[in-house]
Amino acid sequence: MHVTRALLLAATCLVPVLLPPAAEAQPQRQGQPRRAAPAARPAAGGPVIQAIDIRGNQRIEADTVRSYMLLQAGDRFDSDRQDRSLRTLFATGLFRDVQISREGDRVVVQVQENPLVNQVVFEGNRKLSDDVLRAETQLRSRSVYTDAAAQADRQRLLELYARRGRFATRIEPKVIERDQNRVDLAFEITEGDTALISSIGFVGNEAFSDSRLKEVVSSREAAWYRPFSSSDTYEPERLNFDRELLRRYYQRLGYADAEVTGAAAELSPDRSGFFVTYTIKEGDRFRIGKVEVNSTLRNVTGERLRRDVEISPGDWYDGDAIERVTQTLTDAANLNGAPFVEVTPRITRNAETKTIDLVFDAAEGQRNFVERIDITGNTRTQDRVIRREMRLAEGDAFNAAQVTRSRQRIRDLGYFNPDVTINPVPGSQPDRVVLNTAVTEKATGELSLGGGYSTDAGALADIGLRERNLLGTGVDARINTTIAQRRSQVDMSVTDPSFLDRNLSVGADLFYIVRDLTEYSGYEERRVGGSLRAGYEFNEQLRQSWAYTLSRRNVFNVDDQAGIYIQEQKGVTWLSQVGQTLTYDTRDSRLEPHKGYVLRLGTDLAGLGGDVAYMRARLDGTYYIPFERWLGDPDYVLSISAGGGIMKSFADKPERIVDRFFLGGENLRGFAVAGAGPRDLNTVNRDSLGGRAIWTQSTEMRFPLPLPSEIGLLGRAFVDVGSLSNVNSGDNVRDDSSPRVGIGFGISWKSPFGLINIDLAQAVVKKSYDETQVFRFGFGTRF
């Protein structure tokens, strides 16, 4: 009897170890050939198998092949067992073909082994590297090749390309025969274009338009102005993220029961784009009813905590605000002597009145202490640089708010990728916690080349070299050169933000500055010098810095037609000055603030040596009011800023124009640089003389433009008011302290080439001798 079976495809590329049925298998030690099971008792009247011969095997031992079979020497011939032995051998994945035949009283097993993989190569891949592709495949060098394994790897690679948005990719595995039953496997890849999102739609939305919700989700429709963005590439994971964004958006604006019940993506017939649809169940909109705070803490009453709740009855329900208040109350309790506190919000819906009552319960939480702080991933940055940013130390009471603050401070260093984590894990005892801090280093050196144009300085070029984490110590060192039409400078600085690992920032600067002020005051100025700096923090909001500056100032190239007051300024003077700045900052971001305020008090004292002696003081502040709560977009922000300064000379030393205040340009839009304030009208150019007393006030509303947010355009409307006076320089000088007013609007564009600011302003209250400026433009970039 001769039995032949077609090739069966195995689903794995590894050599499996398959046992015969348990009743017929014997245990075997790992690494030894399988032994044949004891011969079954021969059935009466049937021929007995005297031997099983294995033929065609090259790498696999004959005893190994026999161990997979259900027929063994001493058994009687059985066609059912023979058929099952055939299937078992195919199932191992070791063989391309198997034949079992009978020759007299012997059974002959003819096998053809599957080849070994010599190497796996990829052809045609340009968007993904060989290493990325190889990590997805299961077939490796010296593994057993099967067609099923090759097809499985092909499918994995297609899925990898699909995750990158390339659904039109085609992959074909090609097998190249080698000697000694080996093969080379080549995946021929035709990378398709990225399948972009053709359209985004919404079903069930009544409160908000499609265009508004499109700004909420992170996915974007493909457009010509997104050449550098990946947000228009379809990614399945992003749809789940979008669902959460939509849900939080609705809940932030009063829809407490809003759900996003589905997010579907349909591939176009030509596989070039996706049609994405989100299904929304909005529900009713709720307002806040009662707001209460209950406290069982010994040191903190509910009435005390109630003052920190920003939610009021009648407000629209805001899920994010509830989270913020919960954290705020936790922080407030910590600061008032309750380190172990747990704040739990309770929500009660009133369906008839469509209101939600809020109760915040503050109770004693579990007492935990920090046992140890472990830091990993800092291959370059020293441990102490990270530890000094931690708001907790070993032995402190565990505080989740301080952990969050510590994580943010470490991120703000700029030395690590944003994926900084601080995970609390159980310590050696139930009340002990170990803080596992994980960071990933990133490049901190910068070589920058730049160029641009500004109304004040003209065309400019910039080159800089900076290392923000010198030798992993946290020291910031830089050198920068700027060459412009009306201002050029070279400056070098080094700053240790935590000198001797203390709350003390120490730094030094050297500078060389040349300014062409001929257009404004009829002279040029050159400064060269240096300064020593020191600063410290009183707390998270309050900090102070001190500086001593020594510089040589030279007023030269004075215009022949300049007035006597400018002519008297010609020559070299030395400045020896001590200054301090006290800053109180509660802004949510120093780069793009949306709420909070900042106050600065600066004082300078010159006269400790040098040629000038004066006292100068300046106070300024800005308050930011977010309008997201009412307008639904975080880009609506109102800023109100004001400032004033005064200067007084003493010791009968001559006053210099380079030390005075000037008004116009950046601090008073609608007026030219140094365009408002005291002037010498007895000269051809009406030289600007500056002043000893100045005050300014600016109100600016920042708002989004009706364009896709990823373009990076923001609008601004502003009113600037200011006054400059008090020079006492003679009868021909106009010194009027009455306020000047400029109004206008502007556009800021975060372009791929840098920040571009355009302002159009009109001076509506001015003097006849003031110089105005309608258009201001600023552009600069680094690459």
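Anyway, here's the lowdown on the structure attached to this text. (Residues numbered from 1 in each chain as written. Predicted model: local features only at pLDDT ≥ 70, side-chain atom pairs only at ≥ 80, totals over all residues. Heavy atoms only, no water.)

A short note on the packing of aromatic side chains
Operational definition: Two rings from Phe, Tyr or Trp (for Trp, the six-membered ring) form a pair when their centres sit within 6.5 Å of each other. Planes less than 30 degrees apart are called stacked, planes more than 60 degrees apart edge-to-face, and all others tilted. Only DSSP runs of H or I with at least four residues qualify as helices, and only runs of E with at least two residues qualify as strands; both kinds are numbered from the N terminus onward. Relative accessible area decides the class of each residue, using a 1.4 Å probe on protein chains only: under 20% of the type maximum gives buried, over 50% gives exposed, and in between gives partly exposed. In this scheme, the term charge over a ring applies when either NZ of a lysine or CZ of an arginine sits within 6 Å of the ring centre and within 35 degrees of the ring normal.
Tallied over the full model, the rule gives 16 aromatic pairs. Centroid distance Phe167 to Tyr234: 5.7 Å. Interplanar angle 45°. Geometry classified as tilted. Placement of Phe167 in the loop between α4 (147–163) and β6 (170–178) and of Tyr234 in the loop between α5 (210–216) and α6 (236–252) is noted, with a sequence separation of 67 residues between them. Accessibility expressed as a relative area gives 10% for Tyr234, which makes it buried. Here Tyr249 and Tyr250 contribute two aromatic rings whose centre-to-centre distance is 6.3 Å and whose plane-to-plane angle is 85°, an arrangement assigned as edge-to-face. This pair shows no difference in class: Tyr249 is buried, exactly as Tyr250 is. Clustering of aromatic rings is evident, with ring pairs tying together Phe208, Tyr249, Tyr250 and Tyr255. Sitting above the plane of the Phe77 ring, Arg102 keeps its charged end 3.9 Å from the centroid. Sitting above the plane of the Phe718 ring, Arg669 keeps its charged end 3.8 Å from the centroid.

As for the pattern of salt bridges
Operational definition: Every case where a carboxyl oxygen of Asp or Glu lies within 4 Å of a side-chain nitrogen of Lys or Arg is listed as a salt bridge.
A full pass over the atoms with the stated rule returns 55 salt bridges. Residues Asp501 and Arg384 are paired through a salt bridge, measuring 2.6 Å at the closest nitrogen-oxygen approach. Of the two residues, Asp501 sits in the loop between β20 (487–496) and β21 (505–516) while Arg384 sits in helix α9 (residues 383–387), which places them 117 residues apart along the sequence. A residue is classified by how much of its surface remains accessible, and Asp501, at 41% relative accessible area, is partly exposed. Judged by relative accessible area, Arg384 falls into the partly exposed class, the value being 32%. The shortest N-O distance in the salt bridge between Arg387 and Glu394 comes to 3.4 Å. A relative accessible area of 33% means that Arg387 is categorised as partly exposed.

A look at the nonpolar core
Applicable threshold: The term nonpolar core refers to a set of buried residues drawn from Ala, Val, Leu, Ile, Met, Phe, Trp, Tyr and Cys, joined through side-chain atoms within 4.5 Å.
Counting residues in hydrophobic clusters, the biggest one holds 24 residues, and the most contacted among them are Ile311, Leu329 and Phe360. Mapped onto this core, the elements with two or more residues apiece are β11 (287–295), α8 (319–335), β12 (341–350) and β13 (355–364). Top contributing element to this core by residue count: α8, with six residues. With 23 residues, the next largest nonpolar core counts Ile200, Phe208, Phe274 and Tyr278 among its residues.

Thoughts on the sheet that holds strand β5 (residues 116–123)
The criterion, for reference: Between any two strands, pairing holds if DSSP finds at least two bridges. All axes here are fitted lines through C-alpha atoms, helices being fitted over the stretch that makes contact, and every angle between N-to-C directions spans 0 to 180 degrees. Contact definition: two residues touch when any of their heavy atoms are within 4.5 Å.
Here three strands make up an open sheet; going across it, the order is β5-β7-β6 and the pairing mixed. Looking at which strands have only one partner, the edges of the open sheet turn out to be β5 and β6. Between one strand and the next, the sheet's axes are offset by a mean angle of 20°, whatever the strand orientation. Sheet topology places β6 next to strand β7 (residues 182–190); nine bridges connect them, and they run antiparallel. Following the sheet pairing, Pro173 is matched in β7 by Phe187. Strands in contact with α4 are β5, β6 and β7; relative to β6, the strand with the most contacts, it is inclined by about 145°.

As for the sheet that holds β11
The sheet built from three strands is open, its strands ordered β11-β13-β12 with mixed pairing. Each having just a single partner strand, β11 and β12 make up the two edges of the open sheet. Ignoring which end each strand starts from, the neighbouring axes of this sheet average 15° apart. Bridge analysis of β11 against β13 gives seven bridges, and the strand direction is parallel. When the bridges of β13 are listed, Val293 appears paired with Phe360.

Regarding the side chain of Ser85
Tracing the sequence through the fold places Ser85 in helix α2 (residues 79–91). The contacts of Ser85, once residues within four sequence positions are left out, are Met69, Leu70, Leu71 and Ile100.

Some points on a nonpolar patch on the surface
Note the cut-off: Patch membership needs two things, relative accessible area over 30% and no salt bridge, and members are linked within 9 Å if like-charged or within 5 Å if nonpolar (Val, Leu, Ile, Met, Phe, Trp, Tyr). All accessible areas in this document rest on Shrake-Rupley with a 1.4 Å probe, and a residue is counted as covered only by the protein chains that are shown.
Together, Leu447, Leu449, Ile463, Leu465, Ile479, Val490, Met492, Leu510, Tyr512 and Val528 give the surface a local cluster of nonpolar side chains, amounting to about 840 Å² of exposed area. Mapped onto the nonpolar patch, the elements with two or more residues apiece are β17 (445–454), β18 (458–470), β20 and β21. Within the secondary structure, Val490 is located in strand β20. Exposure remark for Val490: the relative accessible area of 32% places this residue in the partly exposed category.

Section: helix α10 (residues 400–412)
Residues spaced three or four apart along an α-helix point in a common direction, a consequence of the helix completing one turn every 3.6 residues. Note the following rule: By definition here, a helix of n residues has an expected span of 1.5 Å times n minus one.
End to end, α10 covers 19 Å across 13 residues, agreeing with the expected 18 Å (1.5 Å per residue, within 8%). Every buried residue belonging to α10 is among Ala401, Val403, Ser406, Arg407, Arg409 and Ile410, and all of these are buried. Here the buried face of α10 lies against α8, α9, β15 (421–426), β16 (432–438) and β22 (524–537). Among the residues trailing α10, Gly414 stands out with phi positive, at a value near 80°.

Some thoughts on α2
With 13 residues, α2 extends 19 Å from end C-alpha to end C-alpha; this agrees with the ideal 18 Å at 1.5 Å per step. Every buried residue belonging to α2 is among Gln82, Asp83, Ser85, Leu86, Thr88, Leu89 and Phe90, and all of these are buried. At the exit of α2 stands Gly93, carrying a positive phi of roughly 80°.

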